[in-house]
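Letter by letter, the chains look like this.
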Amino acid sequence: MTSPSIHPCFLGPYGENDALLEKLVVEFLRDHVYWRRNVHPEDPPAIPTGAAGEPAFRDFEARMRRELHALSASLKRSVPFHSPRYIGHMVSDLLLPGLAAQFLTLPYNPNNVSIDAAPVTIDMELKAGLQLARMFGYVDDPARPDCAFGHLTSGGTLANFQALRLALACKAFPVALRASAPPGIVLPDDDWSAFNLDSKSVVALVDQWNAFLASCPPRERRQWRARLAGHRLESLGLAGFLAAHPDLRSPRVFAPVTAHYSWSKGMKLTGLGRAQLQLVPERGMRTDTDALEEMLARCQREREPVLMVVGVMGSTEFGTIDPLHELVDARERWAGHGLGFAVHVDAAWGGYLTTLFRQPDGGLRPLQDMREEFRDFPAPEVHAAVAALGRADSITVDPHKLGYIPYGAGAFLCRDQRAMQLLAEDADYVFSTDQSPDYFQRFRQLGRYIPEGSKPGAAAAAVYVTHKVLPLDHENFGALPRESIVATEAFRTAATRFSARMQGRLVCKLPFEPDSNLVCLALNPAGNTDVATMNRFVRALHRSLSYDPGQPVQSREFFGSMTTLQPEVMGAEETTRALEALGLDPATLDAGGEDDDRLVILRHTLMNPFLLDTGNGISYLEMYFDYLERQAMALIEKAAAA
Ligand SMILES: *Cc1c(COP(=O)(O)O)cnc(C)c1O
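Computed from a predicted structure; not experimentally measured.

Draft legend 1. Up close: the site of the ligand. In the vicinity of the ligand there are 15 residues, among which Thr157, Asp346, Asp398, His400 and Lys401 approach most closely. In the model, an oxygen atom of the ligand is placed 2.8 Å from a nitrogen or oxygen of the Gly156 main chain. For the ligand, an oxygen atom lies 2.7 Å from a polar atom in the side chain of Asp398. Relative to its unbound accessible area of 380 Å², the ligand is 87% covered by the protein chains. Here the shell around the ligand gets three residues from one element, more than from any other, and that element is helix 5 (residues 156-180). For the shell around the ligand, a count of residues per class yields three nonpolar, nine polar and three charged.

Draft legend 2. Here's a closer look at the sheet that holds strand 2 (residues 252-256). Taking strand neighbours across the sheet as the criterion, the seven strands line up as 1-9-8-7-6-2-3 in an open arrangement whose pairing is mixed. Sheet topology places strand 1 (149-153) and strand 3 (277-280) at the edges, where each strand pairs with a single neighbour. Across the sheet, the mean angle separating the axes of adjacent strands is 20° when strand polarity is ignored. Both strand 6 (residues 306-312) and strand 7 (residues 342-347) contribute to a ladder of five bridges, which runs parallel. Looking at strand 7, one finds that Val310 is bridged to His344. Where helix 5 meets the sheet, its contacts fall on strand 1, strand 2, strand 6, strand 7, strand 8 (394-397) and strand 9 (410-414), and the angle it forms with strand 6 comes to roughly 150°. Packed on one face of the sheet, helix 10 (residues 262-270) meets strand 2, strand 3, strand 6 and strand 7 and runs near 155° to strand 3.

Draft legend 3. The UniProt feature "modified residue: N6-(pyridoxal phosphate)lysine" (unreviewed entry) in the chain, seen in detail. Within this numbering scheme, the UniProt entry marks Lys401 as carrying the feature "modified residue: N6-(pyridoxal phosphate)lysine" (unreviewed entry). Counting through the fold element by element, Lys401 comes out in the loop between strand 8 and strand 9. Ignoring sequence-local partners within four residues, the contact set of Lys401 consists of Met90, Ala348, Trp349 and Met607.

Draft legend 4. Here's a closer look at the sheet that holds strand 13 (residues 599-605). Taken together, the four strands give an open sheet; going across it, the order is 10-11-13-12, and neighbouring strands pair in antiparallel fashion. Single-partner strands in this sheet number two, and they are strand 10 (506-509) and strand 12 (561-565). When the angles between neighbouring strand axes are averaged without regard to direction, this sheet yields 35°. Bridge count between strand 11 (residues 518-525) and strand 13: four bridges; the pairing is antiparallel. Looking across to strand 13, one finds that Leu518 is bridged to Thr605. Here helix 20 (residues 572-582) sits on the sheet in contact with strand 10, strand 11 and strand 13, set at roughly 145° to strand 10. Strand contacts of helix 21 (residues 620-641): strand 10, strand 11 and strand 13, with the helix running at about 30° to strand 11, the strand carrying the most contacts.

Draft legend 5. Representation of the pattern of salt bridges in the model. Evaluated as defined, the whole model comprises 36 salt bridges. A salt bridge links Arg505 to Glu629, with the shortest nitrogen-to-oxygen separation between them at 3.3 Å. Taken together, the residues span a long stretch of sequence, with Arg505 in the loop between helix 17 (479-501) and strand 10 and Glu629 in helix 21 at a distance of 124 residues. Glu629 gets classed as buried once you look at its relative accessible area, which sits at 19%. With a shortest N-O distance of 3.5 Å, Glu574 and Arg577 are connected by a salt bridge.

Draft legend 6. Main features of helix 12 (residues 324-336). Taking 1.5 Å of rise per residue, 13 residues should cover 18 Å, and helix 12 covers 19 Å from first to last C-alpha, within 8% of that figure. Those residues of helix 12 not exposed but buried are Leu324, His325, Leu327, Val328, Ala330, Arg331 and Trp334. Lining the buried residues of helix 12 we find strand 5 (286-287), helix 11 (289-301), strand 6, strand 7 and helix 14 (380-387). Gly338 occupies a position one or two residues after helix 12 and carries a positive phi of about 85°.

Draft legend 7. Region of interest: the packing of helix 17 against helix 21. Contact pair helix 17 / helix 21: the axes reach a minimum separation of 9 Å and the direction vectors enclose 35°. Where helix 17 crosses over helix 21, the two elements pack in a sense that is right-handed. Between helix 17 and helix 21, the residues in contact are Ala487, Ala490, Phe491, Ala494, Ala495, Arg497, Phe498 and Arg501 and Leu621, Glu622, Tyr624, Phe625, Asp626, Leu628 and Glu629, respectively. Its residues assigned to classes, the contact of helix 17 with helix 21 comprises ten nonpolar, no polar and five charged.

Draft legend 8. Focus on the domain arrangement of the chain. Per the domain assignment, the segments of the chain are domain 1 (1-43 + 77-95 + 478-642) and domain 2 (124-172 + 250-469). With 35 residues of domain 1 in contact, the opposing surface of domain 2 contributes 35 residues. Taken together, the two surfaces of domain 1 and domain 2 that pack against each other cover about 2,900 Å², and 60% of this comes from carbon and sulfur. Of all residues in domain 1, the largest losses of buried area upon contact with domain 2 belong to Met90, Asp515 and Val569, amounting jointly to 24% of the total for that side. Inspection of the region where domain 1 meets domain 2 yields three salt bridges. Note that Arg286 is salt-bridged to Asp515, the shortest N-O span being 2.7 Å. On the surface where domain 1 and domain 2 come into contact, there are 15 residue pairs in polar contact (both at pLDDT 80 or more). Looking at the side of domain 1 that touches domain 2, the elements that each hand over two or more residues are helix 17, strand 11, strand 12, helix 19 (567-570) and strand 13. Looking at the side of domain 1 that touches domain 2, the element that brings in the most residues is helix 17, giving eight residues.

What counts, and at which threshold
- Residues numbered from 1 in each chain as written.
- Predicted model: local features only at pLDDT ≥ 70, side-chain atom pairs only at ≥ 80, totals over all residues.
- Heavy atoms only, no water.
- Near = heavy atom within 4 Å.
- Polar contact = N/O pair within 3.5 Å; in protein donor to acceptor, adjacent residues only side chain to side chain.
- Areas by Shrake-Rupley, 256 points an atom, 1.4 Å probe, with all protein chains shown as cover.
- Helix = DSSP H or I, 4+ residues; strand = E, 2+ residues; numbered from the N terminus.
- Nonpolar A, V, L, I, M, F, W, Y, C, P; charged D, E, K, R; others polar.
- Pairing = 2+ DSSP bridges.
- Axes fitted to C-alpha atoms, helices over the stretch in contact; angles between N-to-C directions.
- Contact = heavy atoms within 4.5 Å.
- UniProt positions renumbered as here; feature names shortened; annotations may be inferred.
- Salt bridge = Lys/Arg side-chain N within 4 Å of Asp/Glu carboxyl O.
- Buried < 20%, exposed > 50% of the residue type's maximum accessible area, 1.4 Å probe, protein only.
- Expected span 1.5 Å × (residues − 1).
- Left-handed = near helix turned anticlockwise from the far one by under 90°.
- Domains from an automatic or database assignment.
- Buried area = accessible area lost by both parts, 1.4 Å probe.

This is the structure we're talking about:
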């Protein structure tokens, strides 16, 4: 049964909390209007009091109403994300505090590029970064030099791009510093070692460089700055930088084969090139760390630099969680062998699950405590992975996914804020260039550090206010992922019952154990041994679960999504096991047909907070499996009749 603490959180599938949201919107709209009037109450109205009676005014209003009605009518064709019948992609209902904060902030229109344009919401963005930093186990005390830093982005794609940009800046900085040879700073003996420092040593160099500059008279300081800038990758470009350092090559990025396609985009955007992205094989849908070891060993042997290893917390297709603890261990081990790289965690999807692991005092919950709440969650290796998040160099998380915040709200976090200085852009007309020692003072010039320029302050307000109302620990925000994990466990029970009841008609299997709240189902008509036939069947089933713009939205009882299992991703052993479990003939896999080189499966995102019986006797999960049975049987009968 849904926890009562969730009842006031959302507008609700039925719009149950309409009166509350309406009251908030009206109250704060009026509040905004009073504010306008009170900026200079002595100014008379600029729009004449009788203007609303003018023909042109009425004409404009009529046109506007007509278009708004048309917009409102066409928006009725939207996908009903709010409904517990929607278990397709990574989106659900919106948290009321975030939605109300957005509405409230929009008419003030703050621009979070810098303090001048957003005196209020820029600090909220910096604080939201610290809230998320604390959730992940980073240092969140801005008085400490090693405090983390986080900012919002339009989404996970841009946050991942920012991770690449920062890792590249950190990797190349010591090489540029060597080339500029400032006196008194001890640097590695050669370019290769400088290009392979671990992130702590890079931060130490940034500190030493700042101390050196501070000791110079202003004119010399400017000259030293210019000298370093001339050697930096950011001025030379990758081609110029590598030409100046013949011992170095373009660095590689390792990401699991299931990694989101934003990594491919990021490689193109940074100019590293898609070919430098190396996909690491998986075992059980998680990064195969033995394979990674071999790849790193080869890089070291062949003197191929590595920029970063990406670990995924909640893969987009399968919801699986990489062994992040092993990735950070590998980083430490290889740094000892002279191969330095960063570890970035792409937690765009799964990041907020961390709230379940976090005590209100910031500590990590013991595995045992958590196991009392759930049947199987979390697996010990998932607990170990979450415990290691604080050791990652940077993290991506999407408030607009499991944070239940309106689009576009992604976030980038870096473990040690001192590294951010390497990304700073100077634009005299917007930013003051002083390196203030005060954390907030410095980062209020946000546009210096982020890929974007102008950006919505309303998004920052939504994220910050939501985290204030629901602090990011298991007693508060954690109620939402808890509901989601319990629904996942209920889904698995229902799937097992479904599988038993369909025996002799349909083979239904979970192709792998879900780590989080994303569950896939593989379905094959009983007796079928042909991969292409199964794929046609699942694609047809998926059509009855997808949005059809030509049909009224009510014609769909449920919304799901699909994905595929590729043999390259699963590995030979798992592929054989999956084929066998489904009764498929391995000879029909990749036999040269149109659609037989992979297995098409259904994918379910279980993040709606009202999937389970809320006390009205309805379980949407049970209803879903009934619907699936009817659709599957109709397809099987149709095939038999043909
Ligand atoms: C969704 C997702 C992204 C991309 O995020 P956007 O917000 O869509 O830009 C990146 N990585 C993972 C793992 C994701 O799930």
